[in-house]
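Residue strings, one per chain:
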Amino acid sequence: MTASRARLTPALAIVLVAACLISLLSFGVRSAFGLLTDPVSRELGTSREVYSIAIALQNLFWGLAQPVAGVISDRLGARRVLVMGAVLYAVGVAWMTVAASPVELYLSAGVLVGLGMGGASYITVLAALGRAMPESHRSWALGLGTAAGSLGQFVIVPLAQAVIDAQGWHAGVWFLAGAVALVLPAAWLIRGDRADRPASAEATQEGLAEVLLAAARHPSYLLLVGGFFVCGFQLAFITTHFPPYLADLGLRAEVASWAIALVGLFNVLGAYLAGAWGGRYSKKNLLAAVYFARAVVTVLFITTPVTVASVLLFGAAMGVLWLSTAPLTSGLVATFFGTRYMATLFGFVFLSHQIGSFLGVWMGGYLFERTGSYEVVWWTCAVLAVVAGGMNLPIRERLAPRFASAALAAGVAR
């Protein structure tokens, strides 16, 4: 909180505003794909499983692209990565309007959008902020960048639903493609995040291969990777399958869109507080608390009668816990290894997140088609949340030993 009151230079303030706008647009659009599950399935004459596979592929290719985007971002800065990602993202979304078969849907909404998200995502934005911002502002800025994405979810999802209701799903998709295109001008304002900026005391001259090897052998990093897998499983399942789940229960489409919007609105608070508190308290303990709380909220929701009020309460409660994991997780990556290769290392953590997302979306569609219910996946979400909370508790919140030794040596040399 104290860091957020300190004065930022005008240049850093511009970077922060641009980064928040990109996060708002890219994540807001990504959160709206669940609204298209039934309309697209009806248009193609297919089951929900086909659309689920497309969105599962989207999450998988996003995850596969993120480490590559991280390497490029660490070497050349985030601007080029964001621009290329936004182009692929917008083209993939627009292609959905003319997709005439499951294969075209897999290529457009799945592969192309996923690759675009790998570049133009809040993950790239957080890594850029982590490098550009001084340490005193870093955790706060990461929380603000994440909160902006949630605000996009609150703003864009209801607008997209309104366009779909008024003009049809094709018009809704064009609205989403136009929102992604706005990332392009904002990306040109991202500066000061190059890896060749003056090194901080925590930075080392380790090469990328050495850093990746050290990360693969670091127990706390591996625990962080495992916990983020669960985060992806839960979020992707809810984002994609919550609207059709509520439709099956007889609730109107507007209820689902507003529930997802409430997730975004309340996560503005959750993500900001996670970033601010992460600068003052134990990040790994905060992460564990978030996962345990998700388990409680999920169990309460699936064991009580589903009404409009319970749906909106679930959206608000889950919203506080939604992306509050992101600033804490990215902050721990910087704690372990510094910021020189933050985009790359966080990219691999996010790959785990997206493998979880792939499984969450795919399992939702697969099990629904075979059982006619989402109950098994809901309970899986609750159990995995407990597992993830337990995985975060043993994390050691300090610079990795190899990097600590290098930093100490550098201090002695000075």
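Caption draft 1: Geometry of the overall build of the protein. Check the secondary structure of the protein and you find 19 helices and zero strands. Taken over C-alpha atoms, the radius of gyration comes to 20 Å for the protein, in line with the 22 Å a tight globule of 414 residues would show. By principal-axis analysis of the C-alpha atoms, the protein measures approximately 70 × 40 × 40 Å. Taking all 414 residues of the protein together, 58% fall into the buried category.

Caption draft 2: Expanded view of helix 6 (residues 102-119). Between its terminal C-alpha atoms helix 6 stretches 25 Å, which fits the 26 Å expected from 18 residues at 1.5 Å a residue. In helix 6, a bend of some 35 degrees at valine 113 exceeds every other bend along the element. Residues of helix 6 that are buried: Leu105, Ser108, Ala109, Gly110, Leu112, Val113, Gly114, Gly116, Met117, Gly118 and Gly119. Each element contacted by the buried residues of helix 6 is listed here: helix 2 (10-30), helix 3 (37-44), helix 4 (48-76), helix 5 (78-95) and helix 7 (122-132).

Caption draft 3: View of the packing of aromatic side chains. Under the defined criterion, the tally for this structure stands at 19 aromatic pairs. Ring geometry for phenylalanine 314 against tryptophan 378: centres 5.9 Å apart, planes inclined by 80 degrees, an arrangement best described as edge-to-face. Residue phenylalanine 314 is found in helix 15 (residues 308-321), and its partner tryptophan 378 is found in helix 18 (residues 375-392); the two are separated by 64 residues along the sequence. A residue is classified by how much of its surface remains accessible, and tryptophan 378, at 3% relative accessible area, is buried. Within the aromatic cluster, the residues linked to one another by ring pairs are Phe237, Phe242, Tyr245, Phe301, Phe314, Phe368, Tyr374 and Trp378.

Conventions adopted
Note on numbering: residues in each chain are counted from 1, in written sequence order. Totals for whole chains, interfaces and linings use every residue, but because this is a predicted model, local features are given only for residues with pLDDT of at least 70 and side-chain atom pairs only at 80 or more, for both listing and counting. The side-chain quantities take in all heavy atoms of the structure and omit both hydrogens and water. Think of it this way: any DSSP run of H or I at least four residues long counts as a helix, any run of E at least two long counts as a strand, and we number them from the N terminus. Radius of gyration: over C-alpha atoms. The globule rule applied is 2.2 Å multiplied by the number of residues raised to the 0.38 power. A simple rule labels every residue: compare its accessible area, found with a 1.4 Å probe on the protein chains alone, to the largest value its type can have, and call it buried under 20%, exposed over 50%, or partly exposed in between. To estimate the expected span of a helix, subtract one from its residue number and multiply by 1.5 Å. To get the bend at any residue, fit one axis to the seven residues that end at it and another to the seven that begin at it, then take the angle between the two axes. Residues are treated as being in contact if the distance between any of their heavy atoms lies within 4.5 Å. Put simply, two rings from Phe, Tyr or Trp (the six-membered ring, in Trp's case) pair if the centres are within 6.5 Å, and we call them stacked under 30 degrees between planes, edge-to-face over 60, tilted for the rest.

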